[in-house]
Amino acid sequence: MAERRVSIGWAEGLHARPASIFVRAAMATGVPVTIARKDGPAVNAASMLAVLSLGAEGGDEITLTSRAEDAAAAEAALDRLAKLVSEGLEELPETV
């Protein structure tokens, strides 16, 4: 299992547009990813409704997790998603 803890870099948190960017990026990784707020339940990172239900605000710490069979792919996907979230980027980075 691969895991990353990161603070949300979008000032508005994971609401509307940033959540949409994040969900599209999570789907693009090709590996299963979950996202959770500190001490909260993990939800499917590829589900817009699930991500919005977290109510994650800017600066909140989240945990990204992947249990993909391909450990290298899981690590790479989480590195890219962590960079996207922490820096509040507009799209998934091609490389980290």
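Structure: above.
Right, let's walk through the structure included here.

Cut-offs and rules
Residues numbered from 1 in each chain as written. Predicted model: local features only at pLDDT ≥ 70, side-chain atom pairs only at ≥ 80, totals over all residues. Heavy atoms only, no water. Helix = DSSP H or I, 4+ residues; strand = E, 2+ residues; numbered from the N terminus. Expected span 1.5 Å × (residues − 1). Buried < 20%, exposed > 50% of the residue type's maximum accessible area, 1.4 Å probe, protein only. Contact = heavy atoms within 4.5 Å. Axes fitted to C-alpha atoms, helices over the stretch in contact; angles between N-to-C directions. Parallel < 35°, antiparallel > 145°, perpendicular 65-115°, else oblique. Nonpolar A, V, L, I, M, F, W, Y, C, P; charged D, E, K, R; others polar. Core = buried A, V, L, I, M, F, W, Y, C linked by side-chain atoms within 4.5 Å. Pairing = 2+ DSSP bridges. Salt bridge = Lys/Arg side-chain N within 4 Å of Asp/Glu carboxyl O.

## Focus on helix H1 (residues 16-28)
Given 3.6 residues to a turn, an α-helix orients residues that are three or four positions apart in the same direction. For H1, spanning 13 residues, the distance from its first C-alpha to its last is 18 Å, which sits close to the expected 18 Å at 1.5 Å a residue. Those residues of H1 lying buried are Pro-18, Ala-19, Ile-21, Phe-22, Val-23, Ala-25 and Ala-26. Where H1 is buried, its residues contact strand E2 (34-37), helix H2 (48-53), strand E4 (61-66) and helix H3 (71-87). Note on H1: the residue one or two positions beyond its end, Gly-30, has a positive phi of about 80°.

## Focus: the packing of H1 against H3
Here H1 crosses H3 at 170°, and the two axes come no closer than 10 Å. The angle between H1 and H3 places the two elements in the roughly antiparallel class. On H3, the residues touching Ile-21, Phe-22, Ala-25 and Ala-26 of H1 are Leu-81, Leu-84 and Val-85. Grouping the amino acids of the contact of H1 with H3 by side-chain chemistry returns seven nonpolar, no polar and no charged.

## Examining the nonpolar core
Of all hydrophobic cores here, the largest spans 30 residues; its most connected members are Trp-10, Leu-14, Phe-22, Ile-35, Leu-64 and Leu-81. Secondary structure elements with two or more residues in this core: strand E1 (2-7), H1, H2, E4 and H3. The greatest single-element share of this core, amounting to seven residues, is contributed by H3.

## As for the pairing of E2
In terms of strand pairing, E2 meets strand E3 (residues 43-44) through two bridges, oriented antiparallel. For Ile-35, the partnering residue across the bridge sits in E3 and is Val-43. Of the strand pairs in this sheet, E2 and E4 are connected by four bridges, and their pairing is antiparallel. Across the sheet, Thr-34 pairs through a bridge with Thr-65, a residue of E4.

## A closer look at the sheet that holds E4
With respect to topology, four strands assemble into an open sheet ordered E1-E4-E2-E3, the strand pairing being antiparallel. Only two strands of the sheet have a single neighbouring strand rather than two, namely E1 and E3. Lying over the sheet, H3 contacts E1 and E4, oriented at roughly 5° with respect to E1.

## Quick look at the pattern of salt bridges
In this structure the tally under the stated criterion is six salt bridges. For Arg-17, the salt bridge identified is with Glu-90, shortest N-O distance 2.3 Å. Taken together, the positions of Arg-17 in helix H1 and Glu-90 in the segment after H3 put the pair 73 residues apart, joining distant regions of the chain. For Glu-90, a relative accessible area of 45% corresponds to the partly exposed category.

## Digging into the environment of Ile-8
Tracing the backbone shows Ile-8 in the loop between E1 and H1. Considering only alpha carbons, one finds Ile-8 and Ala-76, 68 residues apart in sequence, at a separation of 19 Å. Look past the residues within four positions of Ile-8 in its chain and what remains in contact with it is Gly-13, Leu-14, Ala-56, Glu-57, Gly-58, Gly-59, Asp-60, Ile-62 and Val-85.

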